[in-house]
Every structure is written in structure tokens, then in C-alpha cells.
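Commentary on secondary and tertiary structure
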Amino acid sequence: ITSAVAFDILPLKLHPFSQSTPTGLDCVGWKRRISSPVITDGALDKTALTDDVGSEEDLYEDFRSSNHRYGHPGGGGEQLAINELISDGSVVYAEALWDHVTMDDQELGFKAGDVIEVMDATNKEWWWGRILDSEGWFPASFVRLRVNQDEPMEDYPLKVEGGKEDDSSSGTCRFGMGQTTKDQMRTNVINEIISTERDYIKHLKDICEGYIKQCRKRADMFTEEQLKTIFGNIEDIYRCQKKFVKALEKKFNKDHPHLSEVGSCFLEYQTEFQIYSEYCNNHPNACMELSRLAKVNKYVYFFEACRLLQKMIDISLDGFLLTPVQKICKYPLQLAELLKYTNPQHRDFKDVEAALNAMKNVARLINERKRRLENIDKIAQWQSSIEDWEGEDVLVRSSELIYSGELTKISHPQAKSQQRMFFLFDHQLVCCKKDLLRRDILYYKSRINMDDMEILDVDDGKDKDFNISVKNAFKLHCRDTEEVHLFCAKKPEQKQRWLKAFENERRQVQLDQETGFSITEVQKKQAMLNASKQHHTGKPKAVTRPYYDFLMRQKHPTLPTTLPQQQVFMLAEPKRKPSNFWQNISRLTPFRK
């Protein structure tokens, strides 16, 4: 920094209901005055700051220790406004962005899309709320305030699925209200969509120009690989969102916002929004890299200087980098609310309805890809636990464990039967043998290429190919070589589960081909490298789920003492059943040796 920095903090403008502004970014009225800020290509010039406000470290510490903290609900306007409303007797409602899973009876659990009555917001990180007859603490960053706070609660469905409200409420919403009231409700939602998109664009611009541009000037501090890890493809997202905002602006009716037809914009950009998948998948790596750099003072000071010079609000870089993850989560909620206040006769109704389904599909795709990429680490660790492994790694062809269990395998020529553990992945079936003494240790035996196989259901009785009596049996038949593998399950229901699993395996392979899902060679190698390191250092092979520490933390008598890991960003809509990957693996406990 080559010139002295003198700045004042201006009063915060209150924006009590900037509901969908990304967490920590709703104090848009906050400004700083900074005179002639420049980051040079050379080292940070600490002497330049000593004239007025001391060293760069002093600037950083003074700012951090000041009372000007802004977040959601933060120490500023929104939290104050919420508490004033509550104290005046008003009812304040919020919608859940993510599932809040808790085993603590002092906390309020909910699902994404639930509506919570906010009863106390005096703490900036944990609020007290109520759903029906349940009350408890919940993380403030897991919710968004409702756009239309004046709407009666009985007119608001607890869940919005597929854009359709419950029958009990739809009549009141659609026919009980006056047209003017409903138009005003739609105006509120349209205005929120437009305003939050404008704010979001500004934050993306600040990240790209305030951080990335300055980081690229410091080749002595950052490599291109580091910048790719920290910022992912956020520049691509910025370019995409700029075009999207322009499209929204063209459809926005300034004189009569409720007549705006914005649904087509979401339909037009639904494919482009899939670039968020790459960003969401990379985000945990960005958090880890920033956590590592935060231990070195020069990076802490550098990032803070970037923020000050760009006149950005007072949250850390990792907070800014979370905004794209939050944004893609909020689109289904916003569109569901827009559809709620759009009459079926409205010219935008069909497009909004289709846009809601489209954005749910985008969220589903991103969530699924995120889950699959998390699974490759588990698969790599599983393989590292198998003794006497031969041939290529599982990850060369597979990225998903479909099913696993014990079967009797019968082989030619003497119809020899063997008890084996089988693991069905996409494209391949891996066969392992249990250790005779330590049943939790597995030895690799063979694998079958599922792409060449067809599944044959075998009736109970004598099998003509193997000339033996079988029960609960099925075959894998190779179309090219006519090779046949015969398997028997212990129970009929186990056989049916295996037959269903083979169907799911083929369906998964086809879906991956249709969606273009693939894992890069770098991701495969990194997963195997990480597994190898854990194996050699004697670390436990079992992988904890992202919420494990959160779920298993100590019970608190009053206010929770830790902040939930919102970086997990379980996407809000649509929800899917939990993967049974880990249950399949952990039930067999192949990791302990």
C-alpha cells in the first residue's frame, strides 16, 4: 500500500428485510472513505500507513477490534430491526435454507423449506424460534427472513413442493385475498429477486477485482494453482451472472413489478447455472487452503488490505466465497414463493412453474455431483484397506458404490462354492475374501466388468448349466465370451435386493453418460494419494460425515457455544434420500486392522 489510508465509518443504513442477500452481505448501506488506495506489485509497504493510523497490522487489529461487525444477522441494522419488531409484538417468520439436524434437546431441528417463528434474535449467531409446539435455538445463517411478513401464518404452507401449496391453504391464498393484495405480494418477491441479484453481482465483482486481480499481481505469494483452489471458477460465475441480470432487467416492469415476466430468464440460463457444480465441489478445498494461509500473518494482512481497498463489508474472504453456494440454494425458494403469488392466469405462471422445476433440477444435479465427489475419497480409503489388491484402482472406472453384501459364488468346472464379499460399483463388481481369523480384514480376489454382463434370474431347483440344485440364485452372463457366473443369496429378499442393485447400476451408468458426469484424473490421483497417506500414518480409515462433529458435540445448557459448519451447504431444494454408501461399508467394518 503506497499511500496513507484515512477512513471514517459512516452510520449503517437499516435494511430490515434483505431476506435473500447472501449471509453477511445485507448491510448494503455501509460505506468507507479511503483515499487513493493502491496495491502495488511489490511487497506490502508497511511504512506507508504509519502517518495516520500506524502500521498495517495496527490498521487490521483496530478494525477487527472495533464494534463495526456486520453479518447475518450481524451486529448491525437487520438484527436490531428484527428485535424491535419482536419487542413491539410483531411476529417475524423465517424460512429454512438448509436442514438443521440436531441431537440436542435445546436446539430446534428443521428441514429446508420449513417456516420458523423467530422469537429472539438478540444473539447474532443463534436465534430462538418455534415451529408448531417445538421451541429451541437454531443457527441464524441457516434461514432467510420471509419477504411478506404481513401474510397470515395460516396462509403460508410449511412446505412448498413442486410449486404447489397444500390444499388447506391454496384456497385462502388464491381466492381469499383481494387481487391488489396478491399483486403487492408478487411485487415484493419480484423486487427481492431483482435487488438481491444486483447485490450479488456487486459482491462477485468485488471478489474478482478486489481479491483475484490483486492476488495475481503477487506472484511471490500466490501460484496460479493456489488461486484456482481458493477462487475456483468464480470468474466464470461472474460472467454468467452479469448476463443473467441483464436478462432479468429487460423483463422487469419498473412501473408495475407484479406484471414482470421473469420465469423465462431462469429457463434460459438453467444450463449455464450448472457451472455452480464445479464451484460447490471445490469450495471445501478453498476453505482448507484459506485456513492454512490464515496461519501466516502476511496473508491475513494482505486479504484484509484487499477488502478495505475495495470498500467491502467487514466479513472475511471465506465468507464472501460462500455466497455463490448460498445463491444457488436460494433460487428454488425464491421461485416457489414467486409461484405462490402468481395467478394461474398470469402470463408468467407457466414459465415460473417450469423455472422452479428447472432450478430444482440444477440444485439436484449440483448436490448429486457434490455427493459423488465426496464418495471418491471414501472409495479410495476403502481400497487402501483391502489386502493384496491387484490391477487398476477402482476409481479408474467407478465413482459410486451401489450395493455390497455376502454371496456364495459357484464356479466351474466342479461347481465349487465359495463364500465371498461383493462390492457393486458402477461398471464393476469387486470380489473379496474375509480373513479366517480376523473377519474385518478383506483380501482382494477378482472383479467382473459389468458393462459386458447381463443379469439372469434363476428359479429355485436344479440348474442345467452347473448341474446342481440352487436356491435364491442369479447369474451374470457375458455376452461376448459366454462366460457365466452363478451366485446364491442366503434369503429371497437378499436376492431381490441384489437384482434391484444391478438395475440401479445400469441406470447410474446411463445417467452419468446423459449428464456428462466424470471425475478428472487429478481428482482420482489426489483421492488415492490422500488414502495412501492415511494408510501409512496409521490414521483411522473410517471417514466421518460432514455433520459428525456438529451432531456429537457436548450438550449445552443454554446457548450453543459453537457455530454449525454451514460450509457443508446441503443444498436446499430438492431433498434426496441419504446415500446408503457409508452404511453399506461401515456395516462390514473392513477398515479396522
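The rules behind each value
Residues numbered from 1 in each chain as written. Predicted model: local features only at pLDDT ≥ 70, side-chain atom pairs only at ≥ 80, totals over all residues. Heavy atoms only, no water. Core = buried A, V, L, I, M, F, W, Y, C linked by side-chain atoms within 4.5 Å. Buried < 20%, exposed > 50% of the residue type's maximum accessible area, 1.4 Å probe, protein only. Helix = DSSP H or I, 4+ residues; strand = E, 2+ residues; numbered from the N terminus. Contact = heavy atoms within 4.5 Å. Expected span 1.5 Å × (residues − 1). Pairing = 2+ DSSP bridges. Axes fitted to C-alpha atoms, helices over the stretch in contact; angles between N-to-C directions. Patch = residues over 30% accessible without salt bridge, like charges linked within 9 Å, V, L, I, M, F, W, Y side chains within 5 Å. Areas by Shrake-Rupley, 256 points an atom, 1.4 Å probe, with all protein chains shown as cover. Salt bridge = Lys/Arg side-chain N within 4 Å of Asp/Glu carboxyl O. Lys, Arg positive; Asp, Glu negative; His and termini not counted. Charge placed at Lys NZ, Arg CZ, Asp CG, Glu CD. Phe/Tyr/Trp six-rings, centres within 6.5 Å; stacked < 30°, edge-to-face > 60°. Lys NZ or Arg CZ within 6 Å of the ring centre and 35° of its normal. Parallel < 35°, antiparallel > 145°, perpendicular 65-115°, else oblique. Left-handed = near helix turned anticlockwise from the far one by under 90°. Nonpolar A, V, L, I, M, F, W, Y, C, P; charged D, E, K, R; others polar. pLDDT = per-residue confidence, 0-100. Polar contact = N/O pair within 3.5 Å; in protein donor to acceptor, adjacent residues only side chain to side chain.

One finds Phe222, Phe231, Phe266, Phe273 and Phe303 to be the most contacted residues of the largest nonpolar core, which totals 63 residues. Counting residues per element, this core draws most heavily on helix α4 (residues 179–216), at 13 residues. In contact with Phe273, other than residues within four places in its own chain, are Cys240, Gln241, Phe244, Phe266, Ile328, Tyr331, Met359, Val362 and Ile366. Membership of the second largest hydrophobic core comes to 22 residues, among which are Ile376, Ile379, Leu442 and Ala527.

In this model helix α12 (residues 349–385) runs 54 Å from its N-terminal to its C-terminal C-alpha over 37 residues, within 8% of the 54 Å that 1.5 Å per residue would give. Extensive coverage of α12 is indicated by the burial of 28 of its 37 residues.

Spatial ordering of the open sheet is given by β4-β3-β2-β1-β5, a layout of five strands whose pairing is antiparallel. Two strands close off the open sheet at either side, each with one partner strand: β4 (134–139) and β5 (143–145). Ignoring strand direction, the axes of neighbouring strands in this sheet form an average angle of 45°. Looking at chain direction, strand β3 (residues 126–131) and β4 are connected through six bridges and run antiparallel. Across the sheet, the residue bridging to Arg130 is Glu135, located in β4.

Another point: a positive patch on the surface. Together, Lys205, Lys242, Lys246 and Lys250 make up a positively charged patch on the protein surface. Counting residues per element, the positive patch draws most heavily on helix α6 (residues 234–251), at three residues. Exposure remark for Lys242: the relative accessible area of 36% places this residue in the partly exposed category.

Attention shifts here to the packing of aromatic side chains. All told, the structure shown has 25 aromatic pairs when counted by the stated rule. Judged by centre distance (6.2 Å) and plane angle (65°), the rings of Phe273 and Tyr276 are edge-to-face. The burial state of Phe273 is the same as that of Tyr276; both residues are buried. Residues Trp382 and Trp389 carry aromatic rings whose centres are separated by 6.0 Å and whose planes lie at 85° to one another, so their mutual orientation is edge-to-face. By way of ring pairs, the aromatic residues Tyr211, Phe222, Tyr299, Phe302, Phe303 and Phe320 are connected into one cluster. Sitting over the face of the ring of Tyr238, Lys242 holds its NZ or CZ atom 4.5 Å from the ring centroid.

Further remarks concern the packing of helix α11 (residues 323–340) against α12. Relative orientation of the contacting elements α11 and α12 amounts to 155°, with a least axis distance of 9 Å. In terms of orientation, α11 and α12 fall into the roughly antiparallel class. Between α11 and α12 lies a crossing whose hand is left-handed. Touching Ile328, Tyr331, Pro332, Leu335, Ala336, Leu338 and Leu339 of α11 are Phe349, Val352, Glu353, Ala355, Leu356, Met359, Lys360, Val362 and Ile366, all from α12. Looking at the contact of α11 with α12 residue by residue, the classes come out as 14 nonpolar, no polar and two charged.

Of all six residues making up strand β13 (residues 473–478), six are buried, and the element is well covered by its neighbours. Along β13, one buried face is formed by Ala473, Lys475 and His477 and the opposite face, lined by Phe474, Leu476 and Cys478, is buried too. Taken together, the six bridges between strand β10 (residues 453–458) and β13 define a ladder with antiparallel strand orientation. Considered in β13, the bridge of Ile455 is made with Leu476. One ladder, built from five bridges, connects β13 with strand β14 (residues 484–488); its direction is antiparallel. The partner of Phe474 across the bridge, within β14, is Phe487. Count of turn residues in the β13/β14 antiparallel hairpin: five residues, of which Glu482 carries a positive phi of about 65°.

Attention now goes to the packing of helix α5 (residues 224–231) against helix α8 (residues 276–293). Put simply, α5 and α8 touch, their axes get as near as 6 Å, and they point 115° apart. Of α8, the residues touching α5 (which contributes Gln226, Lys228, Thr229, Ile230 and Phe231) are Glu278, Tyr279, Asn282, Asn285, Ala286, Glu289, Leu290, Arg292 and Leu293. Looking at side-chain class alone, the contact of α5 with α8 contains six nonpolar, four polar and four charged residues.

Despite not being glycine, Asn467 shows a phi value in the positive range, around 60°. Its location among the elements puts Asn467 in the loop between β11 (461–463) and β12 (468–470). Accessibility expressed as a relative area gives 53% for Asn467, which makes it exposed. In the Ramachandran plot, Glu482 falls in the positive-phi region, its phi being about 65° despite a non-glycine side chain. Here Glu482 is to be found in the loop between β13 and β14.

For the protein, per-residue confidence averages 75 on the pLDDT scale, and residues scoring 70 or more make up 70% of the total. Below pLDDT 50 for its whole length, residues 1–76 participates in 184 contacts with residues either more than four positions away or in separate chains. Below a pLDDT of 50 lies the segment residues 539–558, which in the model reaches 46 contacts outside its immediate sequence neighbourhood of four places, other chains included.

Here we come to the pattern of salt bridges. Following the criterion strictly, the structure yields 32 salt bridges and no others. The partner of Glu117 in a salt bridge is Arg130, and the shortest N-O contact between them spans 3.0 Å. Linking Glu117 in strand β2 (residues 115–120) with Arg130 in strand β3, this pair joins segments that are 13 residues apart in sequence. Ionic contacts of the salt-bridge type, sharing partners, join the residues Glu368, Arg371, Arg372, Glu400 and Asp512 into one network.

Our next topic: the environment of Trp389. As for its placement among the helices and strands, Trp389 is situated in the loop between α12 and β6 (401–411). Each C-alpha atom, one on Trp389 and one on Tyr444, is 5.3 Å from the other, the two residues being 55 residues apart in sequence. When sequence neighbours within four positions are dropped, the list of residues in contact with Trp389 reads Trp382, Gln383, Val394, Val430, Tyr444 and Arg447. From its side chain, Trp389 meets the backbone oxygen of Glu392 in a polar contact 3.3 Å long.

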